[in-house]
Amino acid sequence: MDGNIKVSVSHLTKQYDLYKQKSDKIKAFFTLNKKNIPQFWALRGVSFDVYSGEAIGLIGVNGSGKSTVSNIIAGIIPPTTGKLAINGETTIIAIGAGLKNQLTGLENIRLKSLMTGMTNEEIDSIIDSVIEFSDLGDFINQPVKNYSSGMKSRLGFAIAVHSKPDILIIDEALSVGDETFYQKCVDKILSYKAEGKTIFFVSHSISQIKMLCDRVIWMHNGEIKEFGPAEKVVEGYQKHTKWFKELGKKEQKSYLNSQKNLQKEFKIDSYYQSVTKELGGPAAETEAYDIFYKENIPEKMSSASKVLLFLIPLLMLFLAYLIVTGERLLHVFR
Amino acid sequence: MKKVFIILKDLFAHFGIVFRISKYEDRATYQSHYLGVLWQILNPLIQIGIYYVVFGLATNRGGIGGVSYMAWMLPGISVWFCINNSTLGSSNSIHQKIGMVSKMKFPVSILPAVSIMSQMTTFAVMMGISIVWLLVSEIYPTFYWLQFIYYFICLVVLLYFCGILNATLTVLVRDYHIALQSLMRILFYFSGAVWNITGQGFPPFVNRAMMLNPFLYIIEGFRDALLSRGYFFEKGSVTLFFWLFVLFVAILGSHLHLKFRSKFVDFV
């Protein structure tokens, strides 16, 4: 099965800083260490493999990390730690669709397609079918700011599916379209599946998930609670939601708080230690390091760069002194 | 240092996209104008006319350094237009498009390059006009003209890394862009574009201090090349200072850009 793994992620984590005010953000960017800013771990170690031709559903309550996972797979945001192997081109469709309001629908199609790396010839060859799929009629020459939210999402979806992705990620984007357009999208998704492409489907609609997905990932507070056949996972999720609804107001609140605290108090170092232990063997340390940090750009500046950033101004000052006093550089060394 | 290479790799890997988007945007910007892209040339020419009247006819009738004022000004001002428009354009580039790119897979670090790229047509035409003017005024090519390539590289590299840094800072702090606009207006007079700043009778050490301005280094460099005045390696320490400045901006800019890239949307 190894040959057709499309997406393989292991030990994915994502950390966000919880700034209290805007000025904290600016402070954070001048100070090199930030110990006092509270942290929040949107993902606390997520691992899974997905094969070609699969449709994967992502379910979970708000803030459980569904969108974070889909954004990381799409390449929009980098993970804090973890290994990410993606075999093919990804395209994400989200609400809002990232259209430019001042431009017309047609101009948006062009600009968006250019931004995904298509050439003008390629765009010319797909543009008619994008227009047809979006079903906007005369509105295609109107600025997008005049569109309804359904029209925007139709256009966004039409552009995205025509960029020929290998992996399509749909982040709650179908929830705004009407019944006819929804059916059209479903048909397109099914035809993609038949072609052996992989689909990630983020939704709160259990019926849509059940209809489209083979397997389902249930995200819960930044971790995978369950990953398996759609029917089984959805059943467990529904049971959980029902259990939660039946709790009293106070119990609900304290449950949520305790869960959120898990995400605030998560320590990456202890997670790293536990993974190292799990791997075992003599090379465990390097293996764990590879998985966690090798491919990720560290947020902190490397010490070599820090030294350079300190040395270069000094050198510049020295040179400036020489230049202003009219001394020649070569004379100084003689 | 590693991050500088990541940024450069992004740029070279997506150079086709940079080229196509800048071409598309140029067309889109001037689409509704009768004179179209011609404005990209007309605008600077009108400004040159004014500067000629104010600085050429009023104060520098005798020319500067043995050439007529126009021949002296044209190469400098052509470079300045490129510097000014690219710096301000690239500074705003990420902020302008953030809504669009935040929901798709797109190398944000190439956006400043798109702004710089769209200034290159104007730059080429303005330089063409300058060179024709020089030839008409009987200033002919020499070996010094080869330095044009060197100074062009200086120009592009400086603009690109300043663009990365400025664009990142503009997203984080909106005030930065306005401050930058004011700074550019001041630098216009201190970079020797229309006004021969080092020939105004200031004390020599002030003149030498002016040479530290990287924009002046480039503008005077283009003049050194086209007016056959000297080689860049003859001013070794200033050249070294310039490249150290570029390196500093590159390291700082790449670091901040990569650090905040995924969070840009939260800042708007």
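Residues numbered from 1 in each chain as written. Chains lettered and ligands numbered in written order. Predicted model: local features only at pLDDT ≥ 70, side-chain atom pairs only at ≥ 80, totals over all residues. Heavy atoms only, no water.

Attention now goes to the interface of chain A and chain B. On the side of chain B, 46 residues touch chain A, which itself brings 51 residues to the contact. Summed over both sides, the interface between chain A and chain B buries roughly 4,600 Å², with carbon and sulfur atoms accounting for 70% of that surface. With a closest N to O distance of 3.8 Å, B:Lys105 and A:Glu89 form a salt bridge. For the pair chain A and chain B, the number of links is 5 residue pairs in polar contact (both at pLDDT 80 or more). Those elements that provide at least two residues to the side of chain A that touches chain B are β1 (5-17), α1 (22-30), β5 (90-94), α3 (105-115) and α12 (303-325) of chain A. With 12 residues, α12(A) is the single largest residue contributor to the side of chain A that touches chain B. (Contact = heavy atoms within 4.5 Å. Buried area = accessible area lost by both parts, 1.4 Å probe. Salt bridge = Lys/Arg side-chain N within 4 Å of Asp/Glu carboxyl O. Polar contact = N/O pair within 3.5 Å; in protein donor to acceptor, adjacent residues only side chain to side chain. Helix = DSSP H or I, 4+ residues; strand = E, 2+ residues; numbered from the N terminus.)

Turning our eyes to something else, we now look at the side chain of B:Thr239. Residue and element names in this part refer to chain B. Here Thr 239 shows up in helix α10 (residues 236-260). The class for Thr 239 is buried, based on a relative accessible area of 11%. Only 3.1 Å separates the side chain of Thr 239 from the backbone oxygen of Phe 232, close enough to count as a polar contact. Apart from the residues within four sequence positions on either side, Thr 239 is in contact with Tyr 150, Tyr 217 and Phe 232. (Buried < 20%, exposed > 50% of the residue type's maximum accessible area, 1.4 Å probe, protein only.)

For the rest of this paragraph, the subject is the packing of helix α5 (residues 149-161) of chain A against helix α6 (residues 179-194) of chain A. Residue and element names in this part refer to chain A. Remark: α5 packs on α6, axes separated minimally by 12 Å, with the N-to-C direction vectors making an angle of 15°. As summarised for this structure, α5 and α6 are arranged roughly parallel, according to the angle between their axes. Crossing of α5 against α6: the hand is left-handed. Taking contact as the criterion, the partners of Arg 154, Phe 157 and Val 161 in α5 are, on α6, Phe 181, Cys 185, Lys 188, Ile 189 and Tyr 192. (Axes fitted to C-alpha atoms, helices over the stretch in contact; angles between N-to-C directions. Parallel < 35°, antiparallel > 145°, perpendicular 65-115°, else oblique. Left-handed = near helix turned anticlockwise from the far one by under 90°.)

Here we take up the packing of aromatic side chains. All names here are of chain A. In total, this model carries 37 aromatic pairs over all chains according to the counting rule given. The aromatic ring of Phe 181 is capped on one face by Arg 154, whose charged end is 5.9 Å from the ring centroid. Lying over the aromatic face of Phe 133, Lys 184 brings its terminal NZ or CZ to 5.2 Å of the ring centre. (Phe/Tyr/Trp six-rings, centres within 6.5 Å; stacked < 30°, edge-to-face > 60°. Lys NZ or Arg CZ within 6 Å of the ring centre and 35° of its normal.)

Below, the discussion takes up the confidence of the model for chain A. Summarising the model, chain A shows a mean pLDDT of 84, and 92% of its residues fall at 70 or more. By mean pLDDT, α1(A) is the weakest element of chain A at 65, and strand β8 (residues 215-220) of chain A is the strongest at 92. (pLDDT = per-residue confidence, 0-100.)

Below, the discussion takes up the pairing of β8(A). Look at any regular strand and the pattern is simple: side chains alternate between the two faces of the sheet. Residues and elements named next belong to chain A. With 5 of its 6 residues buried, β8 lies for the most part within the structure. As paired strands, strand β3 (residues 55-59) and β8 are joined by 4 bridges and run parallel to one another. Residue pairing for β8: Ile 59 is matched across the bridge by Trp 218. Where β8 meets strand β9 (residues 223-229), 6 bridges bridge the pair, whose relative direction is antiparallel. Looking across to β9, one finds that His 220 is bridged to Glu 223. In textbook terms, the turn of a hairpin is the stretch between consecutive antiparallel strands, and for β8 and β9 this stretch comprises 2 residues, one of which, Asn 221, has a positive phi near 50°. (Pairing = 2+ DSSP bridges.)

Looking at where A:Glu54 falls in the secondary structure, it is placed in the loop between β2 (39-51) and β3. Those residues within four positions of A:Glu54 in sequence are excluded, and the remaining contacts are A:Lys197, A:Thr198, A:Ile199, A:Asp214 and A:Arg215.

Counting residues in each nonpolar core, the largest one holds 143 residues, and the members touching the most others are A:Phe157 and A:Ile170. Take this core: its biggest share by element is 17 residues, from helix α4 (residues 69-101) of chain B. Residues contacting A:Ile170, with those up to four places away along its chain left out, are A:Ile93, A:Phe157, A:Ile189, A:Ile199, A:Phe200, A:Phe201 and A:Val202. Counting residues in hydrophobic clusters, the runner-up holds 22 residues, among them A:Val46, A:Ile167, A:Val202 and A:Met219. (Core = buried A, V, L, I, M, F, W, Y, C linked by side-chain atoms within 4.5 Å.)

This brings us to α5(A). Residues and elements named next belong to chain A. With 13 residues, α5 extends 18 Å between its outermost C-alpha atoms, agreeing within 8% with the 18 Å of an ideal straight helix rising 1.5 Å per residue. Within α5, 11 of the 13 residues are buried, leaving the element largely enclosed by the surrounding structure. All buried positions along α5 are accounted for by Gly 150, Met 151, Ser 153, Arg 154, Leu 155, Gly 156, Phe 157, Ala 158, Ile 159, Ala 160 and Val 161. (Expected span 1.5 Å × (residues − 1).)

Attention shifts here to the sheet that holds β8(A). Residues and elements named next belong to chain A. Ordered in space as β5-β6-β7-β3-β8-β9, the 6 strands form an open sheet in which the pairing is mixed. Looking along the sheet, the strands with just one partner apiece sit at the ends: β5 and β9. For this sheet, the mean inter-axis angle between neighbouring strands, taken without regard to orientation, is 15°. Examined bridge by bridge, β5 and strand β6 (residues 167-171) share 5 bridges and lie parallel to one another. Residue pairing across strands places Thr 91 opposite Leu 168, the latter belonging to β6. Its contacts with the sheet place α6 against β3, β6 and β7 (198-202), and it is angled at close to 145° to β7.

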